[in-house]
Amino acid sequence: MTEDLKRLSQEAIAASAVADDPDYPCFHVVPPVGRLNDPNGLLVDGDTYHAFYQLSPFHPHRKLVYWGHSSSTDLLHWRHHAPAVIPDSSYDLSGAYSGNAIVLEGHEVDAAPTRAPFQLFYTGNLKDPVTDERTASQCLVTSGDLTDFAKWPGNPLIPAHAEGYTSHYRDPQVFRDPDRPGEYRMLIGVQRADETGAAVLYRSRDLVSWELEGELSFPGAGGAFDAFGYMWECPGLVRLKDEDTGEDWDVLIWCPQGITPDREGFENIFPCVYTVGHLVGTELRDTGGVFHEVDRGFEFYAPQVFARRPSEPGPVLLTGWAGNASEDDQPSIETGQWVHALTMPRILSLKAGRLIQCPAASLPYDAGEPALVGECVKAGLYEIDELSGHRSWQLRLEADAEQTTGPWGLQIGSDDSHVDITLDRQVLRVDRSTSRYAQHGSVRSVTLPEGCAPVLEVIHDRSLTEVFVGDGALVLTLRSFVDVNSTGARLMVDGDLALTAGSTRTFAPS
Ligand code: FRU
């Protein structure tokens, strides 16, 4: 008898104990039960943001990935919905893996055989129970209202990997071809038969029949990306205008597993990087072989941007998984049988070839300016009164570089269990060694990009912290399981600190 996977997931969600867990974030996307990993199919529909994500509802007892679904109108308060993609078809029985969404409008809807505005693409994962052999196919789910979701009867769209590659062939990103109106492209992360990573491109006019165009290549990159790790996961292309030059660039963001760059950073087992070029056919030109990490934190992976209707343009919003690899052994598994979260969506822009990421949500800052602003603060530890009593908050501080003579930063947590975030001139240092979760790295020192202003913005939500320095020039995401009885944060000053501006806001669990 086949299992009723929809009912089983609903039962797991109904029995969930997450709401009682003091570590469960209150203004981020978190799983209703079980394990969350990559964001999937992010999209904007009018005034509502929809986030789908990899959800294993039976974790840690059984690994089976669905697409979970949450929505929000302010990017702060998220509602859980029933899972949107259930892995109950012959081609996805071992999991509905990652993918993205595209929102059609007007004649685009009429031109699509599915006649639906919301098109969600994913990888059907199938493992032979006897041989363990994997088949990866690319599949389509559509919806007219984002409440009911229907798998396309013609699935799978692309039944298996192309010749020359292994079955590590997944994570489709579908986008409109800006150069050929009415045509779509699909970028897929792959492993070549020689076990090196790459990405391939397909092309379609109707979103259901796809033709292989070829492998993405990087002319002029000096071979930098030719043998760049053993598998590329979650590749995505996004077009951004450089704020300095006004020129359009195609930014490729992806997760090359198994690279070993000879420089600072890349401490995570699985990195997430970007390079900036011009996509012409299947060539990403003008990258010069230059790449950077998207986020310097311990926990960050598989980001993607929100899809929008062309007639409803808005900022480019990026959200990532605040997790990495299989680092599942977190305190929340014990207390609430859930693990991982998505980052706060970030507004993405490009300046002098580098990504700038600023927190997207902008409610009025209700808790006001910290009293310490305007004073010259001497060495010591100062409670930030505006945050006292709160475990979910956002804080922004600007310092005067001339008058600030020593390291300064924030301490979150209690004397015994805390996370320290310190700016020491051009270095950001994060230390979570006394917190309840540090298995995969406890201290990280990051050289700030040149000219980075002494502006520190921190989003802290119970057990998740995102650190932004220099108005989005550098971002570092980490899980921060500090003392559950501690609230607020303290300003750490070692020398003189002149704060010129600051603001705060706090959040209560809904
Ligand atoms: C990245 C990833 C994807 C895959 C999904 C499975 O974290 O491994 O490549 O589609 O997770 O959950």
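Remember, it's a predicted structure, so these values are computed and weren't measured experimentally. (Residues numbered from 1 in each chain as written. Predicted model: local features only at pLDDT ≥ 70, side-chain atom pairs only at ≥ 80, totals over all residues. Heavy atoms only, no water.)

Visitor: Looking at this model, I keep getting lost on the overall build of the protein chain. Mind explaining?
Guide: Secondary structure assignment for the protein chain yields three helices and 35 strands. What you see for the protein chain is a C-alpha radius of gyration of 23 Å, in line with the 24 Å of a compact globule of 510 residues. Along the first, second and third principal axes, the C-alpha atoms of the protein chain reach 65 × 55 × 45 Å. Counting across all 510 residues of the protein chain, residues that qualify as buried make up 61%. Sequence separation of at least 24 residues holds for 62% of the intrachain contacts in the protein chain that already meet a minimum separation of 6. Just so you have it, the protein chain exposes about 19600 Å², and 49% of that area is on carbon and sulfur atoms. (Helix = DSSP H or I, 4+ residues; strand = E, 2+ residues; numbered from the N terminus. Rg over C-alpha atoms; globule rule 2.2 N^0.38 Å. Buried < 20%, exposed > 50% of the residue type's maximum accessible area, 1.4 Å probe, protein only. Contact = heavy atoms within 4.5 Å. Areas by Shrake-Rupley, 256 points an atom, 1.4 Å probe, with all protein chains shown as cover.)

Visitor: Whenever I open this one, the sheet that holds strand S31 (residues 455–461) confuses me. Can you help?
Guide: By way of backbone hydrogen bonds, the strands of a sheet pair with one another, either parallel or antiparallel. In space, the six strands of this open sheet follow the order S24-S35-S26-S31-S32-S33, with antiparallel pairing throughout. Edge positions in the open sheet fall to strand S24 (376–377) and strand S33 (474–479), since each of these has one partner strand only. Where S31 and strand S32 (residues 464–469) come together, six bridges link them in antiparallel fashion. Each bridged residue has a counterpart across the sheet, and for Glu457 the counterpart in S32 is Phe468. (Pairing = 2+ DSSP bridges.)

Visitor: Quick question: what am I supposed to make of the site of the ligand here?
Guide: Neighbouring the ligand are Asn37, Asp38, Gln54, Tyr97, Ser98, Arg170, Asp171, Glu233 and Tyr301. Interatomic distance of 2.5 Å between a side-chain N/O atom of Asp171 and an oxygen atom of the ligand. For the ligand, whose free accessible area comes to 320 Å², the fraction covered by protein is 89%. Secondary structure elements with two or more residues in the shell around the ligand: strand S1 (34–45) and strand S10 (165–176). Taken together, the residues of the shell around the ligand sort by class into two nonpolar, three polar and four charged. (Near = heavy atom within 4 Å. Polar contact = N/O pair within 3.5 Å; in protein donor to acceptor, adjacent residues only side chain to side chain. Nonpolar A, V, L, I, M, F, W, Y, C, P; charged D, E, K, R; others polar.)

Visitor: Please clarify how the environment of Val305 should be interpreted in this entry.
Guide: By the element assignment, Val305 lies in strand S19 (residues 301–305). Each C-alpha atom of the pair Val305 and Arg134 lies 28 Å from the other, and the pair is 171 residues apart in sequence. Each residue touching Val305, except ones within four places of it in the same chain, is listed here: Leu42, Val238, Val316, Leu317, Leu318 and Leu348.

Visitor: Can you help me understand the side chain of His278 in this one?
Guide: The topology assignment puts His278 in strand S16 (residues 273–280). Judged by relative accessible area, His278 falls into the buried class, the value being 18%. A polar atom in the side chain of His278 sits 2.6 Å from the side chain of Asp286. Beyond its immediate sequence surroundings of up to four residues, His278 is in contact with Glu247, Asp248, Trp249, Asp250, Glu283, Leu284, Arg285 and Asp286.

Visitor: For this particular structure, what's the right way to read helix H1 (residues 5–14)?
Guide: Helical geometry note: an α-helix holds 3.6 residues per turn, so side chains three or four residues apart project in the same direction. Listed in full, the buried residues belonging to H1 are Leu5, Ser9 and Ala12. Viewed end-on, H1 has its buried residues packed into an arc of 60 degrees, placing them on one side of the element. Looking at the buried residues of H1, the elements they touch are strand S3 (66–72) and strand S4 (79–85). (Arc of directions from axis to C-beta.)

Visitor: Just to check I follow, could you spell out the nonpolar core for this structure?
Guide: A general feature of soluble globular proteins is that nonpolar side chains tend to end up buried together. By size, the foremost hydrophobic cluster in this structure holds 44 residues, and its most contacted members are Val251, Ile253 and Leu355. Listing elements by their share of this core, those giving two or more residues are S1, strand S2 (48–56), strand S14 (231–241), strand S15 (248–257), S16, S19, strand S20 (317–321) and strand S22 (346–351). In terms of nonpolar packing, the next biggest core, distinct from the first, is built from 34 residues, Trp393, Leu395, Leu410 and Val430 among them. (Core = buried A, V, L, I, M, F, W, Y, C linked by side-chain atoms within 4.5 Å.)

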